[in-house]
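Summary of the model geometry
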2 protein chains.
Amino acid sequence: MTQLKPMRADARRNYERLLKAAAEAFAEHGEGASLDDIAKRAGVGSGTLYRHFPTRQALLEAAYLDRIEAMAARAGELADRLPPGAALEAWLHEVCVGTVQVRGMKALLGSAVADGGTAALNACGTPMRAAAARLVEAAQKEGTLRADVEPSDVLRLAHGVAGAAELADPEGGQLTRYLSLLTEGLRPRP
Amino acid sequence: MTQLKPMRADARRNYERLLKAAAEAFAEHGEGASLDDIAKRAGVGSGTLYRHFPTRQALLEAAYLDRIEAMAARAGELADRLPPGAALEAWLHEVCVGTVQVRGMKALLGSAVADGGTAALNACGTPMRAAAARLVEAAQKEGTLRADVEPSDVLRLAHGVAGAAELADPEGGQLTRYLSLLTEGLRPRP
DNA sequence: TGCGGGAACGGAGACCTTCTCCGTGCTGGG
DNA sequence: CCCAGCACGGAGAAGGTCTCCGTTCCCGCA
């Protein structure tokens with residue numbers, strides 16, 4: 001996301017302001033927050049917002065990129081502290097909690113794991129997939145995870161399960177239980 | 001949904017037209033289809049649409065109610081033809097296929113299984129829950145389904161898994177595989 | 001330090017959608 | 001056949017997205 005030519009001072013300032021305003025607005029109103037309102041909060045014109053972020057998706061990604069990267073980094077920490085299977089489980093739990101708690105992040109993570117195809121090089125999908133790959137491979141080597149699933153599968157299923165848990169209880173009270181059913185299903189056949 | 005006083009002839013005609021137009025529009029553009037466009041297709045004013053269906057949700061429910069009821073009825077057929085565990089699996093598969101194929105039905109089914117609480121008496125949730133309950137109880141009695149899950153849990157998880165499969169492949173190519181991982185997780189611990 | 005080219009700004013405005021309000025017209029029971 | 005009143009329909013307010021273009025303000029160079 002860094003610019004080839006460094007940004008002009010005012011441009012950089014507006015960019016930062018927009019990011020901050022966007023994170024607030026998305027947290028408050030969910031992914032559907034009004035873009036013009038975000039521009040107003042940031043004290044810039046809507047033209048400026050659309051120049052920096054051509055689509056809602058682009059803004060969402062930029063606004064939450066730091067959180068996403070923090071999540072990806074957590075995978076490394078957990079991998080160091082816990083045996084592979086447990087690390088994967090714990091990480092998925094944290095990811096799902098984030099998905100449910102931070103309004104607006106659900107849509108972002110969803111699109112990040114969409115379209116298993118070739119392209120899909122969005123800024124959020126890449127670190128998440130990389131983090132998942134590390135945990136998934138370790139768990140498969142350890143033998144606590146089916147060999148026929150891919151990191152993307154695991155992320156997608158976790159995302160789906162988080163959505164299911166949210167349907168059951170918007171506070172996420174069912175998340176642990178639902179997630180344990182998923183990990184049960186992901187264990188190798190005995 | 002039937003009226004207490006029978007509807008006036010013109011009212012009934014408009015109601016039917018709206019239903020037909022809505023089913024078309026939702027299938028074509030997904031759940032976000034323009035309501036005013038639906039009114040135009042039906043050849044009525046938007047006021048008429050909003051009088052019959054105060055919310056998008058209400059229209060969605062009414063437009064797809066027959067399909068939902070057909071799905072619920074399928075549960076009975078499958079229960080007669082197959083052993084309980086297989087019947088549940090087959091039914092969930094059909095439900096998920098419908099969810100993925102018919103644009104606009106996903107949101108409807110999602111809301112139908114939301115909020116496991118007391119109320120949630122929407123027209124679609126009730127038959128779906130009832131159908132699920134029958135299959136779930138039979139499978140639990142047979143011993144092919146964990147005893148600690150409820151019909152609503154199963155529906156929600158299936159809905160989540162269908163969403164995950166759609167992320168992987170909008171055509172639904174991964175549905176069978178993802179669903180089998182779920183049913184694996186729903187089997188009783190050996 | 002001062003200037004000028006051009007990047008970046010910002011808000012007016014075109015267009016779309018939702019939803020309401022109320023004058024109009026049609027239906028159907030008496 | 002008639003008229004009370006239900007249902008119609010479209011104009012219009014409110015609010016959103018996104019673009020265009022005249023204006024402002026940086027910053028490199030003299």
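Treat the numbers as computed from the prediction; the structure is a model and nothing was measured. (Residues numbered from 1 in each chain as written. Chains lettered and ligands numbered in written order. Predicted model: local features only at pLDDT ≥ 70, side-chain atom pairs only at ≥ 80, totals over all residues. Heavy atoms only, no water.)

**A closer look at the environment of Gly163 of chain A**
Residues and elements named next belong to chain A. Condition: In this text, helices come from DSSP runs of H or I with a minimum length of four residues, and strands from runs of E with a minimum of two, each type numbered from the N-terminal end. The classification of residues rests on relative accessible area computed with a 1.4 Å probe and restricted to protein chains. Under 20% of the type maximum is buried, over 50% is exposed, and intermediate values are partly exposed.
Looking at the element boundaries, Gly163 is found in helix 8 (residues 151–168). On the accessibility criterion, Gly163 (15% relative accessible area) is buried. Through-space distance from the C-alpha of Gly163 to that of Cys96 is 8.7 Å; in sequence the pair is 67 residues apart.

**Details of the pattern of salt bridges**
Convention followed: By convention in these notes, a salt bridge is any Lys or Arg side-chain nitrogen within 4 Å of a carboxyl oxygen on Asp or Glu.
Applying the stated rule across the entire model yields 30 salt bridges over all chains. Across the salt bridge formed by Arg8 of chain B and Asp10 of chain B, the nearest N and O atoms sit 2.9 Å from each other. Given a relative accessible area of 29%, Asp10 of chain B falls into the partly exposed group. We note a salt bridge from Arg41 of chain B to Glu24 of chain B, for which the minimum N-O separation is 3.3 Å. With Arg41 of chain B in helix 2 (residues 35–42) and Glu24 of chain B in helix 1 (residues 9–29), this residue pair connects regions lying 17 residues apart in the sequence. Judged by relative accessible area, which is 32%, Arg41 of chain B ranks as partly exposed. Taken together, the shared-partner salt bridges in this structure form one network comprising Glu24, Glu28, Asp37 and Arg41 of chain A.

**Overview of the UniProt feature "domain: HTH tetR-type" (unreviewed entry) in chain A**
To keep it simple, the criterion reads: UniProt positions are given in the numbering used here, feature names are shortened, and annotations may be inferred rather than shown by experiment.
Following the UniProt record, one finds the feature "domain: HTH tetR-type" (unreviewed entry) at residues 12–71 of chain A. Strand forms 0% of residues 12–71 of chain A and helix 82%; the C-alpha atoms that close the span are 26 Å apart.

**Description of the interface of chain B and chain A**
For clarity, the threshold we go by: Note on contacts: a residue pair is in contact if any heavy atoms of the two residues lie within 4.5 Å. Put simply, buried area is how much 1.4 Å-probe accessible surface two parts lose in total, over both of them, once they are put together. The definition of a polar contact used here is a pair of N or O atoms within 3.5 Å, where within protein one atom must be able to donate a hydrogen and the other to accept one, and adjacent residues in sequence count solely through side-chain atom pairs.
The interface is formed by 24 residues belonging to chain B together with 25 residues belonging to chain A. Between chain B and chain A, the buried area comes to about 2,100 Å², and carbon and sulfur atoms account for 61% of it. The tally of links between chain B and chain A comes to 4 salt bridges. For the salt bridge of Glu184 of chain B with Arg189 of chain A, the shortest nitrogen-to-oxygen distance reads 3.0 Å. Connecting chain B to chain A are 10 residue pairs in polar contact (both at pLDDT 80 or more).

**Here we look at the relation of the copies chain B and chain A**
What relates the pair of chain copies is a rotation about an axis plus a shift along that axis. The line we're drawing: The least-squares superposition of copies is restricted to C-alpha atoms, and to residues with a pLDDT of at least 70 in both copies.
In screw terms, the move from chain B to chain A is a rotation of 180 degrees and a rise of 0.0 Å along the axis, fitting with an RMSD of 0.1 Å. The symmetry that links the two subunits is that of a two-fold axis. Of the C-alpha atoms belonging to chain B, the one lying closest to the rotation axis is found on Gly185 of chain B, 1.7 Å away. When the interface residues of chain B are mapped onto chain A, 100% of them are again interface residues, pointing to one common binding face.

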